[in-house]
Amino acid sequence: MISDPIADAITKVRNAYRAGHTRVVLNHSKIVESVVTLLAKENFINSFHVLEKDPERGLNFKKLSLNLRYTNSGQPVLTGIERISKPGRRVYVKASDVPRVYNNTGCAFISTSSGVMVDRDARNQNVGGEYICKVW
């Protein structure tokens with residue numbers, strides 16, 4: 001049992017990039033799938049797909065398979081990812097206080113009542129929420 005599936009997924013992605021892997025498999029949950037969808041939308045990863053439960057192949061639970069993205073020189077596109085709101089200390093931001101990550105070269109992922117979105121979308125829609133993580 002994992003007490004924080006978001007932190008587990010973020011750590012697996014960070015470690016895969018540091019090790020130079022081209023693929024990483026994550027445990028599936030709706031919030032992790034939302035974060036991975038935003039990573040793909042913001043071009044931090046190439047693509048992802050959901051591996052359905054299949055006991056014959058050894059998949060007893062749904063998984064997410066990510067194809068990681070690198071530059072032509074072999075450098076990772078995602079240079080950093082950090083969990084902000086944790087189970088022991090939740091961090092919430094108002095619509096007027098949505099953070100900017102590294103002068104808008106990165107992005108913050110905010111869980112709002114309208115779903116998980118990046119910081120600029122939250123500012124455009126004037127909504128706040130839980131500050132999940134920041135990516136640069």
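Report on the accompanying structure. Every chain begins its residue count from 1, and numbering advances along the sequence as written. It should be noted that, the model being predicted, local features are given only for residues of pLDDT at least 70 and side-chain atom pairs only at 80 or more, the latter also being counted only at that level, while totals for whole chains, interfaces and linings use all residues. The side-chain values count all of the structure's non-hydrogen atoms but skip hydrogen atoms and water molecules.

Now for the sheet that holds strand β2 (residues 45–51). Strands are treated as partners if at least two bridges between them are detected by DSSP. Put simply, DSSP marks the helices as runs of H or I at least four residues long and the strands as runs of E at least two long, and each gets a number from the N terminus on. Taking strand neighbours across the sheet as the criterion, the 3 strands line up as β1-β3-β2 in an open arrangement whose pairing is antiparallel. Whereas interior strands pair on both sides, the edge strands pair on one side only; in this sheet they are β1 (23–27) and β2. Pairwise comparison of adjacent strand axes, ignoring direction, gives a mean angle of 20 degrees for this sheet. Where β2 lies against strand β3 (residues 63–68), 6 bridges are found, and the strand directions are antiparallel. Residue pairing for β3: Phe48 is matched across the bridge by Leu66. Contacts are residue-level and defined by heavy atoms, with any inter-residue pair within 4.5 Å sufficient. Every axis in this analysis is a line fitted to C-alpha atoms, fitted for helices over the stretch in contact. Angles between the N-to-C directions lie between 0 and 180 degrees. Each of β1, β2 and β3 touches helix α1 (residues 5–19); the most contacted strand, β1, lies at about 170 degrees to it.

Let us look at the environment of Thr105. Within the element layout of this structure, Thr105 appears in the loop between β5 (92–93) and β6 (107–112). Sequence-wise, Thr105 and Trp136 are 31 residues apart; in three dimensions their C-alpha atoms are separated by 6.6 Å. Under this definition, polar contacts are N or O atom pairs within 3.5 Å; protein pairs additionally need one hydrogen-donor-capable and one acceptor-capable atom, and for neighbouring residues in sequence, both atoms have to be side-chain atoms. Polar side-chain contacts of Thr105 include one of 2.6 Å to the backbone oxygen of Tyr102.

Pairing of β1 with β3, which is carried by 5 bridges, proceeds in the antiparallel orientation. From the neighbouring strand, Val25 faces β3, where its bridge partner is Ser65.

Looking now at helix α2 (residues 30–41). Over its 12 residues, α2 extends 16 Å from the first C-alpha to the last, a length consistent with the 16 Å expected when each residue adds 1.5 Å. Along α2, the residues classified as buried are Val32, Val35, Val36, Leu38, Leu39 and Ala40. Count one or two residues on from α2 and you reach Asn43, which has phi positive near 65 degrees. Multiply 1.5 Å by the residue count of a helix minus one, and that product is the helix's expected span. A 1.4 Å probe rolled over the protein chains alone gives each residue an accessible area, and that area as a share of the maximum for its type sets the label: buried under 20%, exposed over 50%, partly exposed in between.

The next thing to look at is unusual backbone geometry. Here the phi dihedral of Asn43 falls at roughly 65 degrees; this positive angle occurs in a residue that is not glycine. Examined against the element boundaries, Asn43 turns out to sit in the loop between α2 and β2.

Mapping His28 onto the fold places it in the loop between β1 and α2. In this structure His28 comes out as partly exposed when scored by relative accessible area, which is 21%. Along the chain, His28 and Lys94 lie 66 residues apart, while their C-alpha atoms are 29 Å from each other. In terms of polar contacts, His28 uses its side chain to reach the side chain of Glu33, at 2.7 Å.

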